Amino acid sequence: MQSLIADDPFWLTAVKVLVIFVLLMLITLFMIWFERRVVGRMQQRPGPNWNGPFGLLQSLADGLKLAFKEDIRPVLADKAVFFIAPVLSVVPAFVAWSVIPLGPEVSIFGEQTALQLTDLPVGVLVVLACSSIGVYGIVLAGWASGSPYPLLGSLRSAAQVISYELALGLSIIAVVLYAGSLSTADIVAAQSTGWYVWLLPVSFVIFAVSMVGETNRAPFDLPEAESELVGGFHTEYSSLKFALFFLAEYVNMVTLSAVATTLFLGGWMAPWPLSLIPGVNEGWWPLLWFFGKTLAFLFVYVWLRGTLPRQRYDQFMSLGWKLLIPVSLVWLMLVATLRVLRSELTTGQILLVGGIALVVLVGAALLIPDQAPPEEDKEPQVITDYPVPPLDLAVPTTPKRRRRAVSAGRAEEKDSETVGAGTSAEGDR
């Protein structure tokens, strides 16, 4: 595949770049309409239905509106960085598509090529690098705005990307171990006998959760929490600069959905039982299977936004550091151990080792003494739903020491009054 793509003439590479750019722009317009329509149906309202058939031109109308709006820049903003930040956010999202295989070998204007811009030996690392570089635009946007709320939103986004990038990378390592390559085309080819979503279900779940947190989407849209940070890192942006941030978010959604399709759902290969039909994985048909799987992931994005409330920031960080990353590490060790055992031991030896380990675990469980559960204090039952104080509330008695102190104070006051009265009487004399 690499040699086939390397022989592409310059004009064919330029055509591929142009097609990918136009395709992502159209998918973004479609996703905005699709999200509003789906969420509208979930909330029992029609959604956009006025501009064009079924409201399909509503996204285009919103884009034109943003283009003609006034571009406002705060006085305290850093002019150069304020302009560069949206570009840094949107460019890596497009670049990541250069290593995603969209289909097998085809003929374009008489030239044999693959439906992929380039196939690098480290294609997976290119995707991770692009997703990491995109956060620079968000951080610079918050810092260059000269306002506290965008700065807080950008810092949240940086912490969020660092946290969930680790879980995302760890989930991909298991796929690389089984595929034996970092090339995205090789990973798709390795799934010809079975998708990795069935072989590595834990990695798939961790990747799916992490990619929602990576793209700052609900319920993980904490950098843009309007209830806390007005609008987040892009509060001070308007017109086309705001449109670039909007475009970067949706392109990142499509990119990670395509990456999940490539890594776990067989890429452009047809699903079963369609894969049993001869010729379905040849020619231009694989484009249909690839974008169908990608659209399924995008629907889950919209479904989550219309269903789940936004998490608290401490809950969100705990999910990443206390659950996803530890589970990823344990799962990765288990996968690596199984790979080593399968390569060095026979099936009978693996069953023997597993049986011994199971016997040891059962014996250890039997040797551990049972602990009686602690006796819980039985609370009195509350008959009514009206909030009442605890029925077993006991008012403590007043300590005697306090009474003595009070009586001693009163005696001192009487003695002082007596002395004062005696002194005044002597003065009168």
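Right above here is the structure, for reference.
None of these values were measured; they are calculated from a predicted model.

**Overview of the overall build of the protein**
- When helices and strands are counted, the protein shows 15 helices and two strands.
- A buried classification covers 40% of the 429 residues belonging to the protein.
- Element-wise, carbon and sulfur atoms account for 67% of the exposed surface of the protein, whose accessible area totals about 25,300 Å².

**Brief notes about the side chain of S328**
- Structurally, S328 is set in helix α13 (residues 313–344).
- S328 sits in the buried class, given a relative accessible area of 2%.
- A polar contact of 2.6 Å, which involves the side chain of S328, links it to the backbone oxygen of L324.
- When neighbours within four sequence positions are excluded, S328 is seen to be in contact with A167, L170 and I206.

**Remarks on the pairing of strand β1 (residues 105–108)**
- Only one face of β1 is covered, namely the face carrying V106 and I108; the face carrying E105 and S107 is uncovered.
- Across four bridges, the pairing between β1 and strand β2 (residues 111–114) is antiparallel. Within β2, the residue paired with E105 across the bridge is A114.
- With antiparallel pairing between neighbouring strands as the criterion, β1 and β2 make up a hairpin whose turn holds two residues, including F109 at a positive phi of roughly 55°.

**Re the environment of E111**
- Checked against the element boundaries, E111 lands in strand β2.
- In sequence terms E111 and L12 are 99 residues apart; their C-alpha atoms lie 8.4 Å from each other.
- Setting aside its immediate chain neighbours within four residues, E111 contacts P9, W11, L12 and V106.

**What about the nonpolar core?**
- Core analysis: the largest hydrophobic core is formed by 77 residues, its most contacted members being M31, W97, Y196, L200, F207, M211 and L263.
- With 12 residues, helix α11 (residues 239–264) is the single largest residue contributor to this core.
- Every residue in contact with W97, bar those within four places of it in the chain, is listed here: I20, L24, L102, V254, T255, A258, F290 and F291.
- Core analysis: the second largest hydrophobic core is formed by 10 residues, A77, V81, A85 and I138 among them.

**Quick word on the side chain of Q58**
- Take Q58: it is sitting in helix α3 (residues 58–68).
- A relative accessible area of 17% means that Q58 is categorised as buried.
- Within the local environment of Q58, its side chain forms a polar contact with the side chain of N51, the two groups lying 2.8 Å apart.
- Ignoring any residue separated from it by four or fewer positions in sequence, one finds Q58 in contact with R36, P48 and N51.

**Describing the pattern of salt bridges**
- Considering all chains together, one arrives at eight salt bridges under this definition.
- One salt bridge in this structure joins R305 and E35, with 2.6 Å as the shortest N-O distance. One end of the pair, R305, is in helix α12 (residues 285–307); the other, E35, is in helix α2 (residues 10–42), with 270 residues separating them in the sequence.
- Judged by its relative accessible area of 4%, E35 is buried.
- One continuous salt-bridge network, built from bridges that share partners, spans E35, R217, E249 and R305.

**Considerations on unusual backbone geometry**
- Looking along the chain, the bond that leaves W272 and enters P273 is cis, with omega of 10°.
- One can find P273 in the loop between α11 and α12.
- Although it is not a glycine, Q44 sits at a positive phi angle of roughly 60°.
- As for its placement among the helices and strands, Q44 is situated in the loop between α2 and α3.
- On the accessibility criterion, Q44 (78% relative accessible area) is exposed.
- Here F54, not a glycine, exhibits a phi torsion of approximately 60°, which is positive.
- Positionally, F54 belongs in the loop between α2 and α3.
- By relative accessible area, which is 61% here, F54 ends up exposed.

**Notes on the environment of S257**
- Of note, S257 is situated in helix α11.
- Taking relative accessible area as the criterion, S257 reaches 0% and is therefore assigned buried.
- In sequence terms S257 and V212 are 45 residues apart; their C-alpha atoms lie 9.8 Å from each other.
- Beyond its immediate sequence surroundings of up to four residues, S257 is in contact with T294, F297, L298 and Y301.
- A polar side-chain atom of S257 sits 2.8 Å from the main-chain carbonyl oxygen of M253.

**Comments concerning the packing of α2 against α12**
- Closest axis-to-axis distance for the α2/α12 pair is 10 Å, and the angle between their directions is 45°. Looking at the two axes, α2 sits oblique to α12. The handedness of the crossing between α2 and α12 comes out as right-handed. The residues of α12 that touch α2, namely those facing L23, I27, F30, M31, F34, E35, V38, V39 and M42, are F291, L295, L298, F299, V302, W303, R305 and G306.
- Here the residues of the contact of α2 with α12 are counted per class, giving 14 nonpolar, one polar and two charged.

**Brief notes about the packing of aromatic side chains**
- Counted by the stated rule, this structure contains 21 aromatic pairs.
- Aromatic pair F233 and F245: ring centres 5.3 Å apart, planes at 70°, arrangement edge-to-face. Of this pair, F233 sits in the loop between α10 (226–229) and α11 while F245 is found in helix α11, placing the two residues 12 residues apart along the sequence.
- Residue F233 is classed as buried on the basis of its relative accessible area, which comes to 3%.
- Three or more aromatic residues joined by ring pairs make a cluster, and in this case those are F30, W33, F34, F299 and W303.
- In this structure, R217 is placed above the aromatic ring of Y250, and the distance from its NZ or CZ to the ring centre is 5.7 Å.

Analysis parameters
Residues numbered from 1 in each chain as written. Predicted model: local features only at pLDDT ≥ 70, side-chain atom pairs only at ≥ 80, totals over all residues. Heavy atoms only, no water. Helix = DSSP H or I, 4+ residues; strand = E, 2+ residues; numbered from the N terminus. Buried < 20%, exposed > 50% of the residue type's maximum accessible area, 1.4 Å probe, protein only. Areas by Shrake-Rupley, 256 points an atom, 1.4 Å probe, with all protein chains shown as cover. Polar contact = N/O pair within 3.5 Å; in protein donor to acceptor, adjacent residues only side chain to side chain. Contact = heavy atoms within 4.5 Å. Pairing = 2+ DSSP bridges. Core = buried A, V, L, I, M, F, W, Y, C linked by side-chain atoms within 4.5 Å. Salt bridge = Lys/Arg side-chain N within 4 Å of Asp/Glu carboxyl O. Axes fitted to C-alpha atoms, helices over the stretch in contact; angles between N-to-C directions. Parallel < 35°, antiparallel > 145°, perpendicular 65-115°, else oblique. Left-handed = near helix turned anticlockwise from the far one by under 90°. Nonpolar A, V, L, I, M, F, W, Y, C, P; charged D, E, K, R; others polar. Phe/Tyr/Trp six-rings, centres within 6.5 Å; stacked < 30°, edge-to-face > 60°. Lys NZ or Arg CZ within 6 Å of the ring centre and 35° of its normal.

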